[in-house]
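Structural overview for review
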Amino acid sequence: MRLYLQTMPTSSEPPRYVQIVLEQDLLGGWTLYRESGTQGGRATLRREQFLERDDALAAFEKARDTQLKRGYRVMFAQGQEGPYSQ
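Residues numbered from 1 in each chain as written. Predicted model: local features only at pLDDT ≥ 70, side-chain atom pairs only at ≥ 80, totals over all residues. Heavy atoms only, no water.

1. Observations regarding the side chain of Thr-31
Assignment of secondary structure puts Thr-31 in strand 3 (residues 30-38). Those residues in contact with Thr-31, other than ones at most four positions away along the chain, are Val-21, Leu-22, Glu-23, Asp-25, Arg-47, Glu-48 and Gln-49. (Helix = DSSP H or I, 4+ residues; strand = E, 2+ residues; numbered from the N terminus. Contact = heavy atoms within 4.5 Å.)

2. Quick notes on the nonpolar core
Ile-20, Leu-22, Leu-32, Phe-50 and Phe-60 are the most contacted members of the largest nonpolar core, which has 14 residues in total. Those elements that provide at least two residues to this core are strand 1 (2-6), strand 2 (16-24), strand 3 and helix 1 (53-69). (Core = buried A, V, L, I, M, F, W, Y, C linked by side-chain atoms within 4.5 Å. Buried < 20%, exposed > 50% of the residue type's maximum accessible area, 1.4 Å probe, protein only.)

3. Things to note about the pairing of strand 2
Sheet analysis places strand 1 next to strand 2, joined by five bridges and oriented antiparallel. Opposite Leu-3, over in strand 2, you have Ile-20 as the bridge partner. Where strand 2 folds back on strand 3, the antiparallel hairpin that results is connected by five residues, among which Gly-28 adopts a positive phi of roughly 95 degrees. (Pairing = 2+ DSSP bridges.)

4. Considerations on the pattern of salt bridges
A full pass over the atoms with the stated rule returns two salt bridges. Here Arg-34 makes a salt bridge to Glu-48, at a shortest N to O gap of 2.5 Å. Taken together, the positions of Arg-34 in strand 3 and Glu-48 in strand 4 (residues 43-50) put the pair 14 residues apart, joining distant regions of the chain. Here Asp-65 makes a salt bridge to Arg-64, at a shortest N to O gap of 3.0 Å. Using a relative accessible area of 26% as the deciding quantity, one classes Arg-64 as partly exposed. (Salt bridge = Lys/Arg side-chain N within 4 Å of Asp/Glu carboxyl O.)

5. Some details on the pairing of strand 3
Across nine bridges, strand 2 lies against strand 3 in antiparallel orientation. Paired with Ile-20 across the bridge in strand 3 is Arg-34. The sheet contact formed by strand 3 and strand 4 spans eight bridges and is antiparallel. From the neighbouring strand, Tyr-33 faces strand 4, where its bridge partner is Arg-47.

Below, the structure is given as structure tokens:
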């Protein structure tokens, strides 16, 4: 699953973005990547590992909700269609 969120651009500075990606690894675990930064500027990448899909999905949703509360808007979404998709 992948989400790309972005702030609304202002005239004085470029927009900020956050990309949240949830992937299953080769051993059956789950990795949550959180990348954030300024368009065309520096970025920070954080990685978190989970053994269970439900725990990883809960962390993904929490990261998404946090960014939405901060004023970011979803620009691109790819992945899970419904509650039972894998």
